[in-house]
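Chain and residue survey
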Amino acid sequence: ADGLGQQRKQRWSMHGKQGVNPPLLWSVHPNYFSLFSFVCFLFYFLRKGSGVRMMRIGGVAAMSGVLLQSGTRWTSSLPAQMTSQLHELAEVSVAAVLGNGVAVGALSEIGPKARVGDGTLVDRYVHVGEGVEVGNGVVLRRGSCVYEGTKIGSESSVYQNAILGNIPQDKKYRGEPTRTEIGQNSILREGAIVERGTVQGGGVTKVGSNVLVMSGVYVGHDCTIGDGCVIGNRTSLAGHCELQDGVTVGGHATLVQHLTLGTESMVGAQSLLQRDVIPHTLVSGSPARLRGLNIRRLRKNMDRRDLWVAIAGFNFIFKNGPLPRGFSLSAGSTESFRSLASRAEALMRAVPTHSSHRLRTVLSQISEFLIHPSRIGAYSGTGKSFS
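What you are looking at is a predicted structure, and each value in this text was computed from that prediction instead of being measured.

On to the overall build of the protein chain. Secondary structure summary: the protein chain contains six helices and 34 strands in total. A burial count over the protein chain gives 44% of its 387 residues as buried. Put simply, 31% of the contacts in the protein chain that link residues at least 6 apart link residues at least 24 apart.

Here it is as structure tokens:
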């Protein structure tokens, strides 16, 4: 190599003496020329092929030139006018329907009659079963499984190793066609499990919109989770549970079957729930007990005066306190309140007509939950159920 380099240098010097400029590549040392050739060959190899090539370089994933940086919304990096791109190792049924801008990674499976919306990104090793409906802009991350009968709303994200629509852990299930529904803009983090419904429980498990299901959460069959709920890590929901809108459940909590958690209620971490939770209240403990109103949530959409009135109304029902200021019963009323339901009815009759809509809504939701209790009952101030 050194001898060849000396000969080329002599030729270049002769060209220079004759007034001829040497070629650009000849003016480069042979070792650098070889390195440049190798880089060109590597670039050509990586760009070759019609499938989507996925590389992992420094924690950044690149799919055919589309930069997909972890921790950001992948759909924002996807060109609007991009047709579907499939990795050559992906298995996509000819009966599946893929929208525009769909990218499918290596070793992923999309079953027959599956419908994948525009701008959806399917990472590697993802399973999408037969008849699954995936909305626009959904992200299915590596190792997630979506089984048949599942519907995912637009702009939702399913993280690594999450399982949606798997067979319920119920002895009564005999393979009937049941469903799992995920709302729009919901997030299901790593290892979350949402089972499909059973015929005995209505045949569907529902997760609402704008819901955050954290890592390791188990949602049993026939559960219903309302909009805007947050479920903490490693929480377990047994079958047939209902979480109304805005419920927050702390991590490592356990809910037995057939429970109802009222609107905007909150459950403390590591709690064991065996009874219903009244709307806008806070329960915690193992076993759980009623602690008071969910003040942190009420502060967000209620002014200070209404908040104090709500606290006074709560004390009137659960602690035998006086009526809130400005509330009055009909003249000559001498009824004695022997139950929580009767006190709740009296409070609703005493609400002034000029009260704000938000205050009337909070008090009415609490009262209706007490007036029409479930067969399980709910947590009261003493930790016992009411009838």
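Going through the model one piece at a time under the given rule, you end up with seven salt bridges. In this structure, Glu-148 engages Arg-196 in a salt bridge whose closest nitrogen and oxygen atoms are separated by 3.7 Å. With Glu-148 in the loop between strand E14 (145-146) and strand E15 (150-152) and Arg-196 in the loop between strand E20 (193-195) and strand E21 (204-207), the pair connects residues that are 48 residues apart, well separated along the chain. Here Arg-196 falls in the buried class, since its relative accessible area comes to 7%. Residues Asp-170 and Lys-172 are paired through a salt bridge, measuring 3.2 Å at the closest nitrogen-oxygen approach. With relative accessibility at 15%, the residue Asp-170 sits in the buried group.

Moving on to the sheet that holds E21. Read across the sheet, nine strands follow the order E6-E9-E12-E15-E18-E21-E24-E27-E30 without closing on themselves; strand pairing throughout is parallel. This sheet does not close on itself; its edge strands, each paired only once, are strand E6 (97-98) and strand E30 (260-261). Two elements, E6 and strand E9 (residues 115-116), share two bridges in a ladder whose sense is parallel. Paired with Val-97 across the two strands is Arg-115, which belongs to E9.

In spatial order, the strands read E5-E8-E11-E14-E17-E20-E23-E26-E29-E32; together these 10 strands make up an open sheet with parallel pairing. The open sheet has two edge strands with one neighbour each: strand E5 (91-92) and strand E32 (272-273). With two bridges joining them, strand E23 (residues 218-219) and strand E26 (residues 236-237) adopt parallel strand pairing. The residue bridging Tyr-218 from the neighbouring strand is Ser-236, located in E26.

This part covers the environment of Asn-166. Topologically, Asn-166 is positioned in strand E17 (residues 163-166). A residue is classified by how much of its surface remains accessible, and Asn-166, at 16% relative accessible area, is buried. Expressed as a C-alpha distance, the spacing of Asn-166 and Cys-145, which sit 21 residues apart in the sequence, is 8.5 Å. The contacts of Asn-166, once residues within four sequence positions are left out, are Tyr-147, Ile-193, Val-194, Glu-195 and Arg-196.

A few words now on the nonpolar core. With 72 residues, the main nonpolar core has Leu-243, Leu-255, Leu-261 and Leu-273 as its most contacted residues. When contributions to this core are tallied by element, the ones reaching two or more residues are strand E34 (288-293), helix H4 (304-318), helix H5 (340-350) and helix H6 (357-371). Per element, the largest residue contribution to this core is seven residues, and it comes from H4. With residues near it in sequence (within four places) discarded, Leu-243 still touches Thr-224, Ile-225, Gly-226, Cys-229, Ile-231, Leu-237, Val-249, Leu-255 and Leu-261.

A separate point is the confidence of the model for the protein chain. In the predicted model, the protein chain carries a mean pLDDT of 82, and the fraction of residues at 70 or more is 76%. Confidence drops under pLDDT 50 across residues 48-82; counting only partners more than four residues distant or on other chains, this segment forms 63 contacts. Low pLDDT (under 50) marks residues 382-387, which in the prediction has 15 contacts with non-local residues, meaning those over four places away or in another chain.

This part is about the environment of Gly-105. Relative to the helices and strands, Gly-105 resides in the loop between strand E7 (103-104) and strand E8 (109-110). Note: C-alpha distance between Gly-105 and Glu-88 (17 residues apart in sequence) is 8.6 Å.

Moving on: the side chain of Ser-186. Note on placement: Ser-186 falls in the loop between strand E18 (179-182) and strand E19 (187-188). Look at Ser-186 and you get buried, because its relative accessible area is 1%. At 3.4 Å, the side chain of Ser-186 forms a polar contact with the backbone nitrogen of Asn-210. Separated by 3.3 Å, the side chain of Ser-186 and the backbone nitrogen of Val-211 make a polar contact.

Let us look at the pairing of E34. For strand E33 (residues 281-285) and E34, the ladder comprises five bridges, and the chain directions are antiparallel. Residue Thr-281 lies in a different strand from E34, and its bridge partner there is Leu-293. As consecutive antiparallel partners, E33 and E34 are separated by two residues.

Taking every second residue as pointing to the same face, the buried face of E18 carries Thr-180 and Ile-182, while none of Arg-179 and Glu-181 on the other face is buried. Relative to E18, E15 is paired through three bridges, and the arrangement is parallel. Counterpart to Ile-152 in the pairing with E18 is Ile-182. Across four bridges, E18 lies against E21 in parallel orientation. Looking at E21, one finds that Thr-180 is bridged to Thr-205.

This structure, assessed with the given rule, holds one aromatic pair. Judged by centre distance (4.6 Å) and plane angle (35°), the rings of Phe-314 and Phe-318 are tilted. Linking Phe-314 with Phe-318, this pair stays in helix H4, spanning four residues, or about one helical turn. Both residues of the pair, Phe-314 and Phe-318, belong to the buried class. Taking the ring centre of Tyr-159 as reference, the NZ or CZ of Arg-141 above it sits at 4.4 Å. Directly above the ring of Phe-316 sits Arg-343, whose terminal nitrogen or CZ lies 4.3 Å from the centroid.

Analysis parameters
- Residues numbered from 1 in each chain as written.
- Predicted model: local features only at pLDDT ≥ 70, side-chain atom pairs only at ≥ 80, totals over all residues.
- Heavy atoms only, no water.
- Helix = DSSP H or I, 4+ residues; strand = E, 2+ residues; numbered from the N terminus.
- Buried < 20%, exposed > 50% of the residue type's maximum accessible area, 1.4 Å probe, protein only.
- Contact = heavy atoms within 4.5 Å.
- Salt bridge = Lys/Arg side-chain N within 4 Å of Asp/Glu carboxyl O.
- Pairing = 2+ DSSP bridges.
- Core = buried A, V, L, I, M, F, W, Y, C linked by side-chain atoms within 4.5 Å.
- pLDDT = per-residue confidence, 0-100.
- Polar contact = N/O pair within 3.5 Å; in protein donor to acceptor, adjacent residues only side chain to side chain.
- Phe/Tyr/Trp six-rings, centres within 6.5 Å; stacked < 30°, edge-to-face > 60°.
- Lys NZ or Arg CZ within 6 Å of the ring centre and 35° of its normal.

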